[in-house]
Protein chains: 2
Amino acid sequence: MRFRDLWEEIAPIGRTDHGYLRYAWSGEDMALREWFAAQASRRGLFLEEDGNGNLFAWWGPRSGGAILTGSHFDSVPGGGGYDGPLGIVSGFLALDELRARGVRPARPIGVAAFVEEEGSRFGVACLGSRLLIGAIDPERALALRDRDGITLAEAMAGQGADPSGVRPRPDLVASIDAFVELHVEQGRALAEMGAPVGVGTDIWPHGRWRMVFTGEGNHAGTTPMDARRDPMLTYAYAVLAANKQARLLGGHATVGRVSARPNATNAVPAGVTGWLDARAADADALAGLVGAIRAKIEERAARDRVEFAMTEESTSRAVRFDAPLVESCVRAARRRLPEVPRLATAAGHDAGVLARHVPAAMLFVRNPTGVSHAPSEHATDADCAAGVSALADVLEELAAHR
Amino acid sequence: MRFRDLWEEIAPIGRTDHGYLRYAWSGEDMALREWFAAQASRRGLFLEEDGNGNLFAWWGPRSGGAILTGSHFDSVPGGGGYDGPLGIVSGFLALDELRARGVRPARPIGVAAFVEEEGSRFGVACLGSRLLIGAIDPERALALRDRDGITLAEAMAGQGADPSGVRPRPDLVASIDAFVELHVEQGRALAEMGAPVGVGTDIWPHGRWRMVFTGEGNHAGTTPMDARRDPMLTYAYAVLAANKQARLLGGHATVGRVSARPNATNAVPAGVTGWLDARAADADALAGLVGAIRAKIEERAARDRVEFAMTEESTSRAVRFDAPLVESCVRAARRRLPEVPRLATAAGHDAGVLARHVPAAMLFVRNPTGVSHAPSEHATDADCAAGVSALADVLEELAAHR
């Protein structure tokens, strides 16, 4: 089966005029999950659900020493179609390629679809893989709310899933010997090097902080400028301060989400909430960056007579992928490709979460625009096919011996 | 009937944990409109609807030379309970007081409830009074959309009102000889002067501008800081520039409403829209203020490589209330009050719209907090009762002779 043929089966799901909307446990997600089950069935794979909403399709019954690939279905709102699903589609196609080659793996090989990787619905990135390895308390996770106030437990139950099954699965984690996630690149490094596929070496530490600015709601027309306690001013300053500190200190800082209360044109707002996404090359640099941003905002909040509170919503430590596994991936991918660059990334991934317990690595597929989390994210069909073959080469090597 | 008793009949309608939500043509609005009709019926008044959603209750059938009072029911989201409804409740109570005094007016006296004064639902302030006097094209008004994409025509039809009745009513306007709107003060001038009631003399010119910032959506983790075209930065700068220019030039400027697309924590936004509310003492000062803000933003947008477009959503010219009517109001209110200050206001009102065609004036009732468009807006029962008596005195004088 050609890449494009399988790709077209899911391309329409969640597509909007402004990119994709594929929230976890939405109708779109359920359609993608049904498609996953159909792929497993079409190929005679064993379908497994881990109680947390993560799906696995096993070639050969799962047992110790399994090799896992896969990624996630969910998107950021208005995201591209490749971020996540490319790794799942490529996983199934890599199995097809191995079978076409007549490969008989010595270990079970699985394709995974992790749930709520983006954290776009419930606010915690890599929620599914965190639940799987026990990195987040199930009670806390089930109580997380989306923008409409719906909890994860309610969202699961609403789609016929059983929230009481949510739990760590050390048994499942222990049976995995290696996880290799294929993902569209979220930058132009491969494009600049002229390579269709690369191998991930590191993930920058990163996190999300909720910033709540509380002032005093009032009439926009009648309230004198110097009598105001306007939290929008402090928020605006925070946006600019985050950007400036990231430029000065060398990390990345973004405020991409905001909500104002009451959000009326003719009212000084009572409150504004903004979300800070910050990343840096190591944990100290990240702490330094976030600390510098916080200090600047606190100073300004005092001048504005606005209350300011900053809460960590999630953080991900720096990840160094398993060096022998990285080298195995590079070696295997070189069977077909002259050059397979090694890349660090500032984006979080389920591979980074699983890497705490399982040797993990990543394959990246070239993205000519370099754009990500937006509709112009792209990968050519030829590069996607090269990614599938490289993944097949990696899986063949990893599963060749027990 | 005491002020508090009538007030309590509407106080629960649209009350939330964060102030009032009484959008035009909502279920709350329909409840308030039913209450209005019941008040008219209880008092044997003639109920009239002008086709635009504005309600009138006439003591004596409407004819030329009528005297009108009243205000509006709708609130900003999270607003106070007095802004608008106080003028309607006080109108009915003033009629009661005149009847209790045995007054037999020589002219019809009406109480009005204008629709969508705040413009919180469809974006155009004083929409009902503008439609009445023909200051906005009915087709344009009917096509205005709320945040959910619902048009005014759809909202009216959804509540059983006939959108095809929307039209200017010069006949109705011509029959009004004077309009006196009673309103809670939106500032602390009366509190500082120790006066329960004042008379409005002027309204500052003011307007709303939609500011659209368009950049390039991208991944918050992987996009280098210097490769970004981040519209949130330009928006943040605009918020601070508007505030600074208003302080420098002496007007009022507020950005209280914002929306970001896709509004995701881990995405550089593709677009941000903000709304500017600006007011100044005269038209030249307002044009100068808005021009200065626009110039600053354009400069910054170019540096950010962000597209910036600014569109006027509505403007209201300066209003000078009818001088003889203002003096009549002051004289009448002094029958009972030692001091009746004259006040200008920076807030828009239906009285300002009607003033283009009809002698108009306003009574303000003291607001001890000075806060407006927020839950802590307040007026004491004693001051509200003083407002009712002052309004009764004004109406008695104005309706005494033909």
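The structure displayed is predicted, hence computed values, not measured ones.

Details of the overall build of chain A
- From N to C terminus, chain A includes 13 helices and 17 strands.
- Against the compact-globule benchmark of 21 Å for 402 residues, chain A has a radius of gyration of 22 Å, which places it among compact chains.
- The 402 residues of chain A split such that 65% are buried.
- Intrachain contacts of chain A at a sequence separation of at least 6 include 77% that bridge at least 24 residues.
- On chain A, roughly 14,000 Å² of surface is accessible, and the fraction owed to carbon and sulfur atoms is 51%.
- The average position of the 44 basic charges and that of the 51 acidic charges among the side chains of chain A differ by 2 Å.

Some points on the sheet that holds strand S9 (residues 206-214) of chain A
Residues and elements named next belong to chain A.
- Pairing is antiparallel across the open sheet formed by four strands, whose spatial order is S11-S13-S9-S14. Of all strands in the sheet, those bounded by a partner on one side alone are strand S11 (252-261) and strand S14 (307-316). The mean inter-strand angle of the sheet, taken between neighbouring strand axes irrespective of direction, is 20°.
- Here nine bridges tie S9 to S14, and the two strands are oriented antiparallel to one another.

Focus on the sheet that holds strand S13 (residues 271-279) of chain B
All names here are of chain B.
- With respect to topology, four strands assemble into an open sheet ordered S11-S13-S9-S14, the strand pairing being antiparallel. Since the sheet does not close on itself, it has two edges, and those belong to strand S11 (252-261) and strand S14 (307-316), each with one partner. Taking the axes of each pair of neighbouring strands and ignoring which way they run, one obtains an average angle of 20° across the sheet.
- Seen against the sheet, helix H9 (residues 231-249) touches strand S9 (206-214), S11 and S13 and runs at an angle of roughly 170° to S11.

Comments concerning unusual backbone geometry
- A:Pro262 follows A:Arg261 through a cis peptide bond whose omega is 5°.
- By the secondary structure assignment, A:Pro262 is in the loop between S11 and strand S12 (267-268).
- Positive phi, close to 65°, is recorded for B:Asn263, a residue that is not glycine.
- Turning to its location among the elements, B:Asn263 is positioned in the loop between S11 and strand S12 (267-268).

Rules used throughout
Residues numbered from 1 in each chain as written. Chains lettered and ligands numbered in written order. Predicted model: local features only at pLDDT ≥ 70, side-chain atom pairs only at ≥ 80, totals over all residues. Heavy atoms only, no water. Helix = DSSP H or I, 4+ residues; strand = E, 2+ residues; numbered from the N terminus. Rg over C-alpha atoms; globule rule 2.2 N^0.38 Å. Buried < 20%, exposed > 50% of the residue type's maximum accessible area, 1.4 Å probe, protein only. Contact = heavy atoms within 4.5 Å. Areas by Shrake-Rupley, 256 points an atom, 1.4 Å probe, with all protein chains shown as cover. Lys, Arg positive; Asp, Glu negative; His and termini not counted. Charge placed at Lys NZ, Arg CZ, Asp CG, Glu CD. Pairing = 2+ DSSP bridges. Axes fitted to C-alpha atoms, helices over the stretch in contact; angles between N-to-C directions.

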